[in-house]
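# Structural description and commentary
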Amino acid sequence: MRRLLASIPTLLVLITLAFFMMRIAPGGPFDKERSLLPEIEAAINAAYHLDEPLWQQYLRYMGGLARGDLGPSFQYAGFSVTELIAQGFPVSLTIGLLSMLLALLVGGSAGIWAAMRQNRLGDWSVMTLSMAGISLPSYVIAPLMILLFAVTLHWLPAGGWEQGRYLDMLMPVLALALPQIAYIARLMRGSMIEVLRSNFIRTARAKGLPERQVILRHALKPAMMPILSFLGPTAAGVITGSVVIEQIFGIPGLGRYFVQAAINRDYTLVLGVVIFYGLLIVLFNFLVDLLYGALDPRVRVE
Amino acid sequence: MALLEVDNLEISFRTPEGELRAVNGLSLEVGAGEALGVVGESGSGKSQTAMAIMGLLARNATVRGRIRFDGQDLLGLKPAQMNRIRGAQIGMVFQDPMTSLNPYLTVGTQMAEVLVQHRGMNQVAGLAESARMLEAVRIPDAARRLSQYPHELSGGMRQRVMIAMTLLCRPRLLIADEPTTALDVTVQAQILELLGELRREFGVAVMLITHDLGIVGELCERTLVMYAGQLMESGPTAQLLSRPGHPYTRGLLDSRPALDSPLDVPLAAIPGTPPDLLRLPPGCPFQPRCPQAFEACSRRPAVVERPGGVLRACHAG
């Protein structure tokens, strides 16, 4: 609990920085190609308090935040930022969680498999594949997947998002998971090789335990530790939505809102998403700490 | 037929610098219920010999020769067959009790799994038997210890747990590789005493690996002195300690500090360093450091039987 409270100053700094950086950027939320009538512009600015001095706007925003109010969106008239996040987040969360789960399962097993064949053919192939997975950006992989599975083979829809259509999820989840799979595989391989060299693994082997049990019961937990610390911030990033993936597959998630808000100078929406993202990172790091304690008995004593 | 017969064992490792020859034609025997001390400096190949017996050598190792346990050739066994012997018939205790137990699992889990694996017991029966074994190694409050993690135990306590763990399946041979080196002096004595008692209680043969000649005297009837992966001298411990025949054995004995040795006299040390195992000389490996070396020592001496059950590899006699 103390750790959660300690993160409040960090969040405040984050919010303040984001607030002023957003304002430094040229242009405003209501700049259009055709300029508005001065009276209308003044009326809009007054309605959104943009006519006040910046520090006053800042205090007003922080005051609202303290009451849990993220303010109205500047771009989506009639919607509050909270409503927009509530709309986009479940979609990003679904895709993000599924792809993290996939990445953990596939990447983790591939890493273990490679570690057990260190410097042999199987190891080299897994590591080469994962190097490719890390190097290929998702904006290359995703269109290629669409080309193959949607355009050529007609197996899957090229994009879109309808409630309950699981086929829609398949490609985005896979595209989002691929780099994570590759990264986790490398991480797991390195950490597993390290653990397999430790004395307690030698003891486990000296006890005559079969290799499967040596790996699963004795080596897996310690080998998971580095992956856990990687997972915290990564999971927060992935479940708040990938800008690229959501754009390519036409998914109405949080990531897409974020980019559009930044382009539109939708001040409140950008800030809202930044705060939400910051909160999630704090939360996930906290969860990772809890998991550390659950896995490693030496951490539990606090 | 002895319980353990090692015959002309050779162990080498492929390294980037070349072939490292850790053990070079070593033969030894351990009879049922007998205790053999294997003494040598670091790098003398004593630990690698133990690892070869356990089938736990690193992957870049090559083994030649023969290791027979209870008449069975261990080097020819498949991993699954070896797993039925390891931990069940041959147990091994390692040097560093601080890192040899899994920090992520309770003592009970780590002990009971041995019985589940080799005896087909269920978890409950395994834990009960483990508690009994903890009592046998004089750990008080055994039931509570089972639910503890290694970091909650002292070094001596952990080594007792290790010993108890290896004894669970009543092995016929216990290999102890420097079991007391990482421990306090007082704890060292307790662990040695315990090993002696358990040996009688369980009738288990012991192969005690150490660099400390003082330790073998307390536990082992027979001692084997190794140097550069070769046998230098072996025989009844009492005889080796009182009348060492090999210059190396003598050097080891002389470089041992005694409690009553005067403080102003510096400790005797064997001059020089052990040979480079990447480039072993063809002759007696101890020749460069030997005070008695002569021309013949540039050929490798044969192991010759002497009166009193002593084996010695030395041209000087």
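Residues numbered from 1 in each chain as written. Chains lettered and ligands numbered in written order. Predicted model: local features only at pLDDT ≥ 70, side-chain atom pairs only at ≥ 80, totals over all residues. Heavy atoms only, no water.

### A few points about helix H3 (residues 54–66) of chain A
All names here are of chain A. How we decide: Segments assigned H or I by DSSP are reported as helices when at least four residues long, segments assigned E as strands when at least two residues long, and all are numbered from the N terminus. Multiplying 1.5 Å by the residue count of a helix minus one yields the expected span of that helix. Accessible area is worked out with a 1.4 Å probe on protein chains only. A residue is then buried under 20% of its type maximum, exposed over 50%, and partly exposed in between. The arc in question is traced by the directions running from the helix axis to the C-beta atoms. Whether two residues touch is decided by their heavy atoms; if any such pair falls within 4.5 Å, the residues are in contact.
Its 13 residues give H3 an end-to-end C-alpha distance of 18 Å, which sits within 8% of 18 Å, the value for a rise of 1.5 Å per residue. Residues Gln57, Tyr58, Tyr61, Met62, Gly64 and Leu65 constitute the buried set of H3. What you see down the axis of H3 is that its buried residues fit within an arc of 160°, all on one side. What points out from H3, more than 90 degrees from its buried face, is the exposed set Trp55 and Ala66. Buried positions along H3 lie against helix H1 (2–24) and helix H12 (267–295). Among the residues trailing H3, Gly68 stands out with phi positive, at a value near 80°.

### Regarding the state of the cysteines
Worth spelling out the cut-off: A pair of cysteine sulfur atoms is labelled a disulfide when the two atoms are within 2.5 Å.
Within the structure shown, the criterion is met by 0 disulfides over all chains. Counting only cysteine sulfurs, B:Cys297 is the nearest neighbor of B:Cys284, a cysteine outside any disulfide, at a range of 5.9 Å.

### Details of the UniProt feature "domain: ABC transporter" (unreviewed entry) in chain B
The condition that has to hold: UniProt positions are given in the numbering used here, feature names are shortened, and annotations may be inferred rather than shown by experiment.
Under the UniProt annotation, the feature "domain: ABC transporter" (unreviewed entry) is placed at residues 4–253 of chain B. For residues 4–253 of chain B, the end-to-end C-alpha separation is 27 Å, with 41% helix and 28% strand making up the annotated structure.

### Considerations on the packing of helix H4 (residues 81–116) of chain A against helix H7 (residues 166–196) of chain A
All names here are of chain A. Counted only if it meets this: Every axis in this analysis is a line fitted to C-alpha atoms, fitted for helices over the stretch in contact. Angles between the N-to-C directions lie between 0 and 180 degrees. Should the near helix be turned anticlockwise from the far one by less than a right angle, the crossing is left-handed, and should it be turned clockwise, the crossing is right-handed. Gly counts as polar in this scheme, as do all residues outside two lists: the nonpolar Ala, Val, Leu, Ile, Met, Phe, Trp, Tyr, Cys and Pro, and the charged Asp, Glu, Lys and Arg.
Put simply, H4 and H7 touch, their axes get as near as 6 Å, and they point 35° apart. Considering only the axes of H4 and H7, their crossing is right-handed. Class assignment for the residues of the contact of H4 with H7 results in 23 nonpolar, 7 polar and 1 charged.

### Some words on a nonpolar patch on the surface
All names here are of chain A. Convention followed: For patches, a residue must show more than 30% relative accessible area and have no salt bridge; joins then use 9 Å for like charges and 5 Å for nonpolar side chains, namely Val, Leu, Ile, Met, Phe, Trp and Tyr. With residues, only the protein chains shown are counted as cover, and all accessible areas are computed by Shrake-Rupley using a 1.4 Å probe. Within this document, salt bridges are pairs made up of a side-chain nitrogen of Lys or Arg and a carboxyl oxygen of Asp or Glu, the two lying within 4 Å of each other.
Side chains of Met1, Leu5, Ile8 and Leu12 sit close together on the surface and give an oily, nonpolar patch of about 420 Å² of accessible area. Inspection of the secondary structure puts Leu12 in helix H1. Taking the relative accessible area as the measure of exposure, Leu12 reaches 41% and is therefore partly exposed.

### Looking at the domain arrangement of chain B
Residues and elements named next belong to chain B. The line we're drawing: By convention here, the domain bounds are inherited from an automatic or database domain assignment. Note on terms: buried area is the combined drop in 1.4 Å-probe accessible area of two parts once they are placed together, counting the loss on both. We define a polar contact as two N or O atoms separated by no more than 3.5 Å, with the added condition that, inside protein, one atom must be a possible hydrogen donor and the other a possible acceptor, whereas residues neighbouring each other in sequence contribute only through side-chain atom pairs.
The assigned domain composition of chain B is domain 1 (4–89 + 169–312) and domain 2 (100–168). Centre-to-centre, using C-alpha coordinates, domain 1 lies 29 Å away from domain 2. Taken together, the contact pairs 21 residues of domain 1 with 17 residues of domain 2. Counting the surface domain 1 buries against domain 2, the share from its top three residues, Cys169, Ile191 and Leu194, is 34%. The closest approach of N and O atoms between Glu129 and Arg170, which form a salt bridge, is 3.3 Å. If you look at where domain 1 meets domain 2, you find 10 residue pairs in polar contact (both at pLDDT 80 or more). At the level of secondary structure, the elements contributing two or more residues to the side of domain 1 that touches domain 2 comprise helix H2 (79–85) and helix H8 (185–202). Counting residues per element, the side of domain 1 that touches domain 2 draws most heavily on H8, at 9 residues. When grouped by side-chain class, the residues that make up the side of domain 1 that touches domain 2 number 13 nonpolar, 3 polar and 5 charged.

### What to know about the interface of chain A and chain B
Each partner contributes to the interface: chain A provides 24 residues, whereas chain B provides 26 residues. With both chains or domains summed, chain A and chain B bury close to 2,300 Å², and 55% of this area falls on carbon and sulfur atoms. At the junction of chain A with chain B, the criterion picks out 2 salt bridges. Residue B:Glu113 is joined to A:Lys207 by a salt bridge in which the shortest nitrogen-to-oxygen separation is 2.8 Å.

### Some points on the packing of aromatic side chains
All names here are of chain A. To keep things clear, this is the line we draw: Note on ring pairs: Phe, Tyr and Trp rings are taken, using the six-membered ring of Trp, and paired if centres are within 6.5 Å. Classes follow the plane angle, with under 30 degrees stacked, over 60 edge-to-face and the rest tilted.
Here the structure, examined in full by the defined rule, presents 12 aromatic pairs over all chains. An angle of 40° between the planes, with centres 6.0 Å apart, marks the rings of Phe19 and Tyr61 as tilted. With Phe19 in helix H1 and Tyr61 in helix H3, this residue pair connects regions lying 42 residues apart in the sequence. Side by side, Phe19 and Tyr61 carry an identical accessibility label, which is buried. Through a chain of ring-to-ring contacts, the aromatic side chains of Phe19, Phe20, Tyr58 and Tyr61 assemble into a single cluster.

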